[in-house]
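If you want the building blocks of each chain, they are given just below.
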2 protein chains.
Amino acid sequence: MTQAQPVPEPSLHHPNEPDTERLEAATSTFRMLADPTRLHILWLLSQEPADVSQLVARTGASRTSVSQHLAKLRFSALVSTRKEHRHVIYSISDGHLGRLVQEGLNHADHRVSGEPTHE
Amino acid sequence: MTQAQPVPEPSLHHPNEPDTERLEAATSTFRMLADPTRLHILWLLSQEPADVSQLVARTGASRTSVSQHLAKLRFSALVSTRKEHRHVIYSISDGHLGRLVQEGLNHADHRVSGEPTHE
DNA sequence: CGTTAAAGTGCACAGGTACGCACTCATGCA
DNA sequence: TGCATGAGTGCGTACCTGTGCACTTTAACG
């Protein structure tokens, strides 16, 4: 168990240098957010749980596509499932993720709205 | 110009459905964050501006790789440059981006630390 | 039972991307 | 004017990923 102790290093103004493991973990999450269909799915799930058919209808993507994206998200443990009768209900497993999705969309909004950089 | 007024819509618990344009803008940003080297570069730049050689040294990547990643970031307008003598100094152009990077790393941290989902 | 709907999967193909190699461009300095 | 150094680029390659088609699996309902 690695202690949560701050860095023993003297170098400062570096909160804590992200090591390879952290970087890859973060990029693997970002990679999941880097597809329009998947991002749309995650946004929908961040609003409320839904089954596959609803996601298909709301995203406008094909069943195959949605299914495969959901498989990836499940495999990455970003979503969780529960079964209800004939339907498989998906939900976001981590509240943080929803915030990340929203922030990404906000950031995009600012860039689309024309604002050069803002702050 | 679009008013900052809240949604005039009756539909609720949907802050505002992201359209294709927004989704693609957001994913294009996320795609930039979806590479370890690039994420490392952006994290370094979120701490302080740096020139290419410093970034090469700190990331451990090849000059070619760093140069090409910087080209993409420049093209995506996520970083800006200024020249100083022989050196090209890169900096993050948007403060929001730094936050996004940091949140991604935090999220990754939680998943690496073993915490199942947290919250 | 058989039927139908919901969801998931294997396969093949197209498109994108990260990287290294070799090269060029630009600039400060002796 | 050379020359060394910092930075950027074209190209080829290996790899990864998103998608559609066809098929299978599972389970409710008559």
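For the structure, see preceding data.
Residues numbered from 1 in each chain as written. Chains lettered and ligands numbered in written order. Predicted model: local features only at pLDDT ≥ 70, side-chain atom pairs only at ≥ 80, totals over all residues. Heavy atoms only, no water.

Peer 1: Can you lay out the protein's contact with DNA strand D for me, pointing to particular residues and giving the numbers?
Peer 2: Of all residues adjacent to DNA strand D, which total 24 residues, the nearest are Ser62, His69 and Lys72 of chain A together with Ser53 and Tyr90 of chain B. Between DNA strand D and the protein, one listed contact pairs a phosphate oxygen with a side-chain N or O atom of Lys72 of chain A at 2.6 Å. At a separation of 2.5 Å, a phosphate oxygen of DNA strand D approaches a polar side-chain atom of Ser53 of chain B. At the level of secondary structure, the elements contributing two or more residues to the surface near DNA strand D comprise α2 (36-47) and α4 (63-75) of chain A together with α3 (52-59), α4 (63-75) and β3 (87-92) of chain B. (Near = heavy atom within 4 Å. Polar contact = N/O pair within 3.5 Å; in protein donor to acceptor, adjacent residues only side chain to side chain. Helix = DSSP H or I, 4+ residues; strand = E, 2+ residues; numbered from the N terminus.)

Peer 1: Can you break down the protein's contact with DNA strand C residue by residue, with the values?
Peer 2: Around DNA strand C, the structure places 24 residues, and the nearest of them are Ser53 and Tyr90 of chain A together with Ser62, His69 and Lys72 of chain B. Take Ser67 of chain A: an N or O atom from its side chain is 3.4 Å from a phosphate oxygen of DNA strand C. Backbone polar atom of His85 of chain B to a phosphate oxygen of DNA strand C: 3.3 Å apart, as the coordinates give it. Of all the elements in the fold, those that place two or more residues in the surface near DNA strand C are α3 (52-59), α4 and β3 (87-92) of chain A together with α2 (36-47) and α4 of chain B. A class-by-class count of the residues in the surface near DNA strand C yields three nonpolar, 12 polar and nine charged. (Nonpolar A, V, L, I, M, F, W, Y, C, P; charged D, E, K, R; others polar.)

Peer 1: Can you explain the interface of chain A and chain B? Please cite residues and give values.
Peer 2: Between chain A and chain B, the contact holds 49 residues from the first and 49 residues from the second. Roughly 4600 Å² of surface becomes buried between chain A and chain B when both sides are summed, with 61% attributable to carbon and sulfur atoms. Remark: the boundary between chain A and chain B carries four salt bridges. Measuring nitrogen to oxygen at the nearest pair gives 3.5 Å for the salt bridge that ties Arg99 of chain A to Glu103 of chain B. (Contact = heavy atoms within 4.5 Å. Buried area = accessible area lost by both parts, 1.4 Å probe. Salt bridge = Lys/Arg side-chain N within 4 Å of Asp/Glu carboxyl O.)

Peer 1: Describe in detail the relation of the copies chain A and chain B, supporting the description with residues and values.
Peer 2: In the superposition of chain A on chain B (RMSD 0.0 Å, axial shift 0.0 Å), the rotation amounts to 180°. With respect to symmetry, the two chain copies, as superposed, fit the operation of a two-fold axis. Minimal C-alpha distance to the rotation axis in chain A is attained by Phe30 of chain A, lying at 2.8 Å. (Least-squares fit on C-alpha atoms with pLDDT ≥ 70 in both.)

Peer 1: Hey, could you go over the packing of aromatic side chains for me, with residue numbers and the actual values?
Peer 2: Enumeration over the complete set of coordinates arrives at one aromatic pair over all chains. For the pair Phe30 of chain A and Phe30 of chain B, a centre-to-centre distance of 6.0 Å together with 25° between the ring planes defines the contact as stacked. Residue Phe30 of chain A is found in helix α1 (residues 20-33), and its partner Phe30 of chain B is found in helix α1 (residues 20-32); the two belong to separate chains. For Phe30 of chain A, a relative accessible area of 0% gives the class buried. (Phe/Tyr/Trp six-rings, centres within 6.5 Å; stacked < 30°, edge-to-face > 60°. Buried < 20%, exposed > 50% of the residue type's maximum accessible area, 1.4 Å probe, protein only.)

Peer 1: Could you give an account of the side chain of Ser93 of chain A, naming the residues involved and the relevant values?
Peer 2: Residue and element names in this part refer to chain A. Considering the arrangement of structural elements, one finds Ser93 in the loop between β3 and α5 (95-112). Given a relative accessible area of 18%, Ser93 falls into the buried group. At a separation of 2.9 Å, a polar atom in the side chain of Ser93 contacts the main-chain carbonyl oxygen of Ala77. At a separation of 3.3 Å, a polar atom in the side chain of Ser93 contacts the main-chain amide nitrogen of Val79.

Peer 1: Could you give me a rundown of the sheet that holds strand β1 (residues 50-51) of chain A, with the residues and numbers involved?
Peer 2: Backbone-to-backbone hydrogen bonds join strands into a sheet, with any given pair of strands oriented parallel or antiparallel. All names here are of chain A. Spatially, the three strands line up as an open sheet ordered β1-β3-β2, and their pairing is antiparallel. The open sheet has two edge strands with one neighbour each: β1 and β2 (79-84). Two strands pair when backbone bridges link them, and β1 and β3 are joined in this way by two bridges, in the antiparallel orientation. When the bridges of β3 are listed, Asp51 appears paired with Ile89. Strand contacts of α2: β1, β2 and β3, with the helix running at about 90° to β3, the strand carrying the most contacts. (Pairing = 2+ DSSP bridges. Axes fitted to C-alpha atoms, helices over the stretch in contact; angles between N-to-C directions.)

Nothing here speaks to function; it is all geometry.
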